[in-house]
Amino acid sequence: MTGLLVKRREFMFAAAAFLALPVDIAHSQVEPPIHVVKGRGCECCEAWVDYLREQGFTVTDEVSMGTLLIRYKMDQGVPVEAFSCHTGTVDGYVLEGHVPAADIRRLLVERPDAFGLSVPDMPYGSPGMGSEDSRDAYDVLLIKRDGSLGVFTSYPSA
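Procedures and definitions
- Residues numbered from 1 in each chain as written.
- Predicted model: local features only at pLDDT ≥ 70, side-chain atom pairs only at ≥ 80, totals over all residues.
- Heavy atoms only, no water.
- Helix = DSSP H or I, 4+ residues; strand = E, 2+ residues; numbered from the N terminus.
- Contact = heavy atoms within 4.5 Å.
- Areas by Shrake-Rupley, 256 points an atom, 1.4 Å probe, with all protein chains shown as cover.
- Phe/Tyr/Trp six-rings, centres within 6.5 Å; stacked < 30°, edge-to-face > 60°.
- Buried < 20%, exposed > 50% of the residue type's maximum accessible area, 1.4 Å probe, protein only.
- Lys NZ or Arg CZ within 6 Å of the ring centre and 35° of its normal.
- Core = buried A, V, L, I, M, F, W, Y, C linked by side-chain atoms within 4.5 Å.
- Salt bridge = Lys/Arg side-chain N within 4 Å of Asp/Glu carboxyl O.
- Expected span 1.5 Å × (residues − 1).
- Arc of directions from axis to C-beta.

## Points about the overall build of the protein
- What the protein contains, in helices and strands, is five helices and seven strands.
- What you see in the protein, going N to C, is helices and strands ordered as α-α-β-α-β-α-β-β-α-β-β-β.
- Across the protein, every contact between residues at least 6 apart in sequence was considered, and the portion connecting residues at least 24 apart equals 52%.
- If you sum the accessible surface of the protein, you get close to 8900 Å²; carbon and sulfur atoms cover 59% of it.

As structure tokens, this is what we get:
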């Protein structure tokens, strides 16, 4: 009986330790890495990369400039009206601009037949663009295979 009690106690300690793990450790082991192509010295691009890492994603990044960055966006299927300052790729999808982590995770779960997601322009309060507490309303757009755009998620102003 003592052996069973010890095993039960060990199990309880192990379960408690597992539940105490930070959530982002669990995400980083399951989610594919994100690669970001950004402009040199762009603070909001750096802020978005930092945000993704804080959300538990593994992120690599590289600098590209001018027409090379535009060409990269177009090669990934991003229409001009969906352009923003940086472009990420994850598991066969493109992430254009300040896309929230929740929408990236939803994209990876739902796996729509699309190029990816975009947050055109740089709306205040989107990830990497200032405080979410006073954000502007914005949409995360789904970039469809035919080049059209549809609303994937809407964020109201705060």
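## Examining the packing of aromatic side chains
- Scanning the model with the defined rule gives one aromatic pair in all.
- Ring centres of Y138 and Y155 lie 5.0 Å apart, and the angle between their planes is 15°; this geometry places the pair in the stacked category. One end of the pair, Y138, is in strand β6 (residues 138-144); the other, Y155, is in strand β7 (residues 149-155), with 17 residues separating them in the sequence.
- Assessed through its relative accessible area of 8%, Y138 is described here as buried.
- We classify Y155 as buried; its relative accessible area is 16%.
- Its end group placed over the ring of F83, K73 keeps NZ or CZ at 5.8 Å from the ring centre.
- For the cation-ring pair, R145 lies above F115, with the distance from its terminal atom to the ring centre recorded as 4.7 Å.

## A short note on helix α5 (residues 101-110)
- Residues of α5 that are buried include every one of A101, D103, I104, R105, L107 and L108, and no others.
- Looking at the residues trailing α5, positive phi occurs at R111, about 50°.

## A closer look at the nonpolar core
- Judged by nonpolar contacts, the single largest core of 24 residues is most densely connected at I34, L95 and I104.
- Of all elements in the fold, only β1 (34-38), α3 (43-54), β4 (93-97), α5, β5 (114-119), β6 and β7 reach the threshold of two or more residues within this core.
- Ignoring anything within four residues of it in the chain, the contact list for L95 reads I34, W48, H86, T87, G88, V90, I104, L107 and L117.

## As for the pattern of salt bridges
- By the definition in use, this model includes ten salt bridges.
- As a salt-bridge pair, D91 and R111 come within 2.9 Å of each other at their nearest N and O atoms. Taken together, the residues D91 in the loop between β3 (87-90) and β4 and R111 in the loop between α5 and β5 connect sequence positions 20 residues apart.
- The salt bridge partner of R145 is D113, with a shortest N-O separation of 3.2 Å. Of the two residues, R145 sits in the loop between β6 and β7 while D113 sits in the loop between α5 and β5, which places them 32 residues apart along the sequence.

## Quick look at α3
- Between its first and last C-alpha atoms α3 spans 16 Å; for twelve residues at 1.5 Å apiece the expected length is 16 Å, and the two agree.
- All buried positions along α3 are accounted for by C44, C45, W48, V49, Y51 and L52. Projected down its long axis, α3 shows its buried positions confined to an angular sector of 160°, all on one face. Counted as exposed and oriented over 90 degrees from the buried face of α3: E43 and E54.
- A positive backbone phi angle near 100° is found at G56, which sits one or two residues after α3.

## Topic: unusual backbone geometry
- Phi is positive for R111, close to 50°, though the residue is something other than glycine.
- The exposure class of R111 is partly exposed, given its relative accessible area of 39%.
- Phi is positive for D121, close to 65°, though the residue is something other than glycine.
- Structurally, D121 can be placed in the loop between β5 and β6.
- According to the relative accessible area criterion, D121 is exposed, its value standing at 60%.

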